[in-house]
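# Overview (structure and organization)
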Amino acid sequence: MPNDAEARALRDPLIERPLIERLRTGLAAAGLAGLVSLATGAEAQDFQLFGQGGTYIGYTWGGPNGGGVTWGFEGRVGGELRDPWRNAMDPFFAAAAVARFGFIGIEPGLHLGGQAGAANGWGSLMGEVLLGYQWGEGGGFSMPLGVQLDVAFASTFIRADPFLESFGFGGGVVLPPRMFMPMAVAGRALHDEVGHAALPAVERLDEPRLPADVGAELATALCTSWERRAQAEWASVPAFVQLAVQLRVADAPACLVGRALDAAQDELRHAVMTARASMCYGGAPLRLGRVTPATRAHAQGRDALARLAVESWVDGCLGEGEAAAAVAHEADLAPAPELAAMQRAIAADEARHAELAWDVLAWALAEGGDDVRHALAAVRDARPSDATSGVDSQVDLRPHGLLSEAEHGAIGDAVRERALPRFDRLVA
Ligand SMILES: [Fe+2]
Ligand SMILES: [Fe+2]
């Protein structure tokens, strides 16, 4: 539901000045493409609490009755020391207190202790020392030492106990999983060596103040959806810097390099506007985490031309083409003129970015000939696979100017149908 706050915020260029300043600082860092890092605030470590519970099963040699199948339950409560400006996939220090109640065969044991090690967005590797008591013949005071590796919700461990002279291993499940899925909202994606780079962390600097005239569930869904958009727009800034540098390395015409850098500035503007849209629905000011601008080595020679062509097709012609069409559609649905104007401006930029991708593709084909043609033929039917609209799917946000994931997908299919004949004419 549009409200006065939304209209005011979209009009007011001075709103949340610190956010804009931060984004400008971020662009300056990204613009140097890996030559400098964003030192401001990079040393600060934030402490965050976490808690997990789990169950496990394995086998133990030694201990009560000579060992046997081992199983049980455990819980841990701990803290993470992480720099909020770092990419969510970078490792950070984590430590936790652990309580474990389990069995070796039919004999119970109870242990308390601690774990410490490294974690990142996917999981953790922690060493542990526990103290406790193991019942059963041959049992007694016990001090398991172990290493536990968690990836998402899967866990595996090895443990040895010098007092019981036992050794065991096994695996289990931990909940909630420590999981940060890389994803990209339809648009230009930042690449690392294996695919799409993780999106930067986004952090609310304050408690959301949900407006009274919009229900809490709806306001939360709108805030979250716009926050995800801001996160992805922000990640597109270094994605275009990455493209500009790769074009330069490949000796592309200066106008293509310049257009890629202009697109990076467009994406910065989109990040500010979409973050502001989130705040309109009561969202707190956002801090968008640092994105590592140089996430992979630049390709050289013919590899560079093939990479530029392939990524221009998938991320640009298709991905940004979809973004342009979907956001233009959302502009028509926008319940407030300010929101419609914002979306129209973003859609026009995205359409220009898609045209830049077509021009890069044509140039790479002209330069690279059959090598590039073959590389393109292999991805003709590819899709921007992990793209998502970023929209919270639990609530219908159409009346508020946001299309669902499925509607974005359908628009993407239509864009693709229109793009394929043009692609075939170029590549044939
Ligand atoms: Fe954008
Ligand atoms: Fe874009």
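Everything quoted here is computed from the prediction, not taken from an experiment. (Residues numbered from 1 in each chain as written. Chains lettered and ligands numbered in written order. Predicted model: local features only at pLDDT ≥ 70, side-chain atom pairs only at ≥ 80, totals over all residues.)

### Some remarks on the overall build of the protein chain
Scanning the protein chain for helices and strands turns up eight helices and 12 strands. The buried share of the protein chain, reckoned over its 428 residues, is 41%. Sequence separation of 24 or more characterises 73% of the internal contacts of the protein chain that already satisfy a separation of 6 or more. (Helix = DSSP H or I, 4+ residues; strand = E, 2+ residues; numbered from the N terminus. Buried ≥ 20, exposed ≤ 12 C-beta atoms within 10 Å, placed from the backbone. Contact = placed C-beta atoms within 7 Å.)

### Let's talk about the packing of helix H5 (residues 301-333) against helix H6 (residues 337-368)
For any two helices packed against each other, one specifies the crossing angle of their axes together with the interaxial distance. Packing of H5 against H6 leaves a shortest axis separation of 7 Å and a crossing angle of 160 degrees. It follows from the interaxial angle that H5 and H6 lie roughly antiparallel. Like other packed secondary-structure pairs, H5 and H6 cross with a definite hand, here left-handed. Split into classes, the residues belonging to the contact of H5 with H6 amount to 23 nonpolar, six polar and six charged. (Axes fitted to C-alpha atoms, helices over the stretch in contact; angles between N-to-C directions. Parallel < 35°, antiparallel > 145°, perpendicular 65-115°, else oblique. Left-handed = near helix turned anticlockwise from the far one by under 90°. Nonpolar A, V, L, I, M, F, W, Y, C, P; charged D, E, K, R; others polar.)

### Digging into unusual backbone geometry
For the peptide bond that leads from leucine 175 to proline 176, omega is -10 degrees, which places it in the cis range. Note on placement: proline 176 falls in strand E8 (residues 166-178). The phi torsion at asparagine 65 lies on the positive side, around 55 degrees, for a residue other than glycine. The topology assignment puts asparagine 65 in the loop between strand E1 (46-61) and strand E2 (67-82). Using a count of 14 C-beta atoms within 10 Å as the deciding quantity, one classes asparagine 65 as partly exposed.

### Remarks on the environment of alanine 366
Among the structural elements, alanine 366 can be located in helix H6. With 60 residues separating them in the primary sequence, alanine 366 and leucine 426 have C-alpha atoms 9.8 Å apart.

### Concerning the packing of H5 against helix H7 (residues 370-378)
Interhelical geometry of H5 versus H7 gives an angle of 35 degrees and a closest axis separation of 9 Å. Crossing hand, H5 versus H7: right-handed. Across from Arg302, Leu305, Ala306, Ala309, Val310 and Trp313 in H5, the residues of H7 making contact are Asp371, Val372, Ala375 and Leu376. Classifying every residue of the contact of H5 with H7 by side-chain character gives eight nonpolar, no polar and two charged.

### Let's talk about H5
Spanning 33 residues, H5 covers 46 Å between terminal C-alpha atoms, matching the ideal 48 Å at 1.5 Å per step. The axis of H5 is deflected most strongly, by about 40 degrees, at serine 312. (Expected span 1.5 Å × (residues − 1). Bend = angle between axes of the 7 residues up to and from the residue.)

### Side note on the pairing of strand E3 (residues 92-104)
Sheet topology places E3 next to strand E4 (residues 107-119); 13 bridges connect them, and they run antiparallel. In the strand pairing of E4, valine 98 is matched with glycine 113. Count of turn residues in the E3/E4 antiparallel hairpin: two residues, of which glycine 105 carries a positive phi of about 65 degrees. (Pairing = 2+ DSSP bridges.)

### So, the nonpolar core
Phe240, Ala260, Ala271, Leu305, Leu308, Ala309 and Ala364 are the most contacted members of the largest nonpolar core, which has 65 residues in total. Where this core is concerned, the elements lending two or more residues are helix H3 (216-249), helix H4 (254-280), strand E11 (286-288), H5, H6, H7 and helix H8 (405-427). With 16 residues, the single largest contributor to this core is H3. What leucine 308 contacts, discounting residues up to four positions off in sequence, is Gln246, Leu247, Ala250, Val360 and Ala364. Counting six residues, the second-largest nonpolar core is a separate cluster that includes Ala94, Ala96, Val98 and Met126. (Core = buried A, V, L, I, M, F, W, Y, C linked by C-beta atoms within 7 Å.)

### Focus: the confidence of the model for the protein chain
Across the protein chain, pLDDT averages 80, with 76% of residues at or above 70. Mean pLDDT values for the elements of the protein chain range from 42 in helix H2 (residues 17-31) up to 95 in H6. Note on residues 5-44: pLDDT under 50 across the span, and 58 contacts to partners over four residues away in sequence or across chains. The low-confidence segment residues 180-186, where pLDDT is below 50, has 34 contacts with residues more than four positions distant or belonging to other chains. (pLDDT = per-residue confidence, 0-100.)

### Some details on the environment of proline 162
Note that proline 162 resides in the loop between strand E7 (145-161) and E8. A C-alpha to C-alpha distance of 9.9 Å links proline 162 and glycine 63, two positions 99 residues apart in sequence.

### Overview of H6
For H6, with 32 residues, the first-to-last C-alpha span of 46 Å sits near the 46 Å given by 1.5 Å per residue. At the C-terminal side of H6, glycine 369 shows a positive phi close to 60 degrees.

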